[in-house]
Amino acid sequence: LNEVILFLLAIIFGTGCSICSKTMMSLHGTNGTLDEQGMPTVELFQKPLFQTFGMFVGMMFGLAMHWFVQTFRLSFPGYDFDQDADNEGDVEIPTERTSLTSKMKAESNVNDASKEIPLWMYFFLAIPAIFDLAATALCMMGLQYLDVSIYQMLRGSGIIFVALMKQNVLKDHLHQYHWVGVFWNVVSVVIVGGTAMLASGGDGEGSNNSSTSQTLWGVCLLMSGAFVQAVQFVFEEHVMTMDIPAPPLLLIGMEGLWGTILSVFVMYPLGYYLPGSDHGSYEDPFNTWAMFTHSKNIQTAFFIYFFTIFFYNLFAVLVTFKLSSVWHAILDNFRPITVWGTDLFIYYCINPLFGEVWTQWSYLQIVGMAVLLYGTAIYNAPNAGSLLLEGQWWAFGINLSSEYEEVKRELEEAEIDAKWEAKRQEFKVRTHSSMLRARG
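Residues numbered from 1 in each chain as written. Predicted model: local features only at pLDDT ≥ 70, side-chain atom pairs only at ≥ 80, totals over all residues. Heavy atoms only, no water.

1. A few points about the packing of aromatic side chains
Step number 1: What the rule picks out here adds up to 32 aromatic pairs.
Step number 2: Taking 5.8 Å as the distance between ring centres and 65° as the angle between the ring planes, the aromatic pair formed by Phe 13 and Phe 307 counts as edge-to-face. Here Phe 13 is found in helix α1 (residues 2-26), whereas its partner Phe 307 is found in helix α13 (residues 296-322), with 294 residues between them in sequence.
Step number 3: Overall, Phe 307 belongs to the partly exposed group, its relative accessible area being 44%.
Step number 4: Centroid distance Phe 302 to Phe 303: 5.8 Å. Interplanar angle 65°. Geometry classified as edge-to-face.
Step number 5: Classification of Phe 302 by relative accessible area gives buried; the value is 8%.
Step number 6: Aromatic ring contacts, followed pair by pair, group Phe 45, Phe 50, Trp 289, Phe 292, Phe 302, Phe 303 and Phe 306 into a single cluster. (Phe/Tyr/Trp six-rings, centres within 6.5 Å; stacked < 30°, edge-to-face > 60°. Helix = DSSP H or I, 4+ residues; strand = E, 2+ residues; numbered from the N terminus. Buried < 20%, exposed > 50% of the residue type's maximum accessible area, 1.4 Å probe, protein only.)

2. Some thoughts on a negative patch on the surface
Step number 1: Together, Glu 390, Glu 405, Glu 406, Glu 410, Glu 412, Glu 413 and Asp 417 make up a region of like negative charge exposed at the surface.
Step number 2: When you line up the elements, Glu 413 lands in helix α16 (residues 401-439). (Patch = residues over 30% accessible without salt bridge, like charges linked within 9 Å, V, L, I, M, F, W, Y side chains within 5 Å. Areas by Shrake-Rupley, 256 points an atom, 1.4 Å probe, with all protein chains shown as cover. Salt bridge = Lys/Arg side-chain N within 4 Å of Asp/Glu carboxyl O. Lys, Arg positive; Asp, Glu negative; His and termini not counted. Charge placed at Lys NZ, Arg CZ, Asp CG, Glu CD.)

3. With respect to unusual backbone geometry
Step number 1: You will see that Arg 73, though not glycine, has its phi angle at about 50°, which is positive.
Step number 2: Here Arg 73 lies in the loop between α3 (61-71) and α4 (105-108).
Step number 3: Look at His 279: it is not a glycine, yet its phi comes out positive at around 55°.
Step number 4: Checked against the element boundaries, His 279 lands in the loop between β3 (275-276) and β4 (280-281).
Step number 5: Owing to a relative accessible area of 49%, His 279 belongs among the partly exposed residues under this scheme.

Keep in mind these numbers describe shape, not what the thing actually does.
Structure representation (structure tokens):
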């Protein structure tokens, strides 16, 4: 139940931050200067680097939460305080839903909570910040040329890269049904990418006012961002499952700190000196700040984005911690459904200046989403609610019944092993407590 709640919260805040991000790029504001007629100069607030910087600043709040949890010894995922004989031996028993976490050392080693985090860990956590910065910047730049629903569905290709790295980097064996699911995810990405190209139309303009070449460039940027983000997901899973794991809040906070430093000293200088359409720069930070301070609408949109992006990152990392990096990628695959519905609702029910209009190619987006969910459901087998390929018509003649039975046997054996480990840890703790009482 806890994992389901975390997953739903991540979807809610992920939907909010995606829509806020796109909305901010559609806002207009003034930088305080006047034109030749003496009227305030109005510009479009397309500032992807500023949004990336704001995301990292918000993530630093995780450091304050980490300190608060540790100081007051609060119960929080990844932190274990004041364990006694009744609960120190408890180990999460792997089930069909949580089997991916049965290997987590932080859950099975009762001494992990008492280990101090070494100094090198704080510098080590700069690595996921670099991945996060690169992936976010690429996706933000691509978002300028695509509708937010297409943006989300293309990011669903991350599960492809995660699966490849799980198999070849983390050495987690993937079964045949996993690769079938990955195949259908590839098909969905092709459909969605084709929809983006068709929506740009023969007249060179699409629903996002981007030319065909710009749309293709946006697709390439998003696919690159999806790959880098997949590397980040896998790395985060690894760093939270090491012998001395990084707690989730520390991971988020340090990513935010290092990301903020990199944004100020690397990202923004590059954005300023690279040529572009923002007053001669790719993104002019001085113009960005002037527009931000002179526009209440931009300030309001940013603070909502600031709030939603922090909590999305928080719950997404907790999904990785409680489940796995694959589930983090699956989370991004579910978000297009809520983004799609919310965007249409905004356009037709709230304000047609925002949101997304229904086009003749929107039906293909629905097909792409259906294929995406179909592939995800196959990949997640044999979890509850998944699709098992056992020769049905929608399985296209594929029958993997024997493989599912093999997986179920592995799960049962893992559950027995985990129960024995729990008993062993419980006996160890009780024996240690008895020795301490005897000495006293």
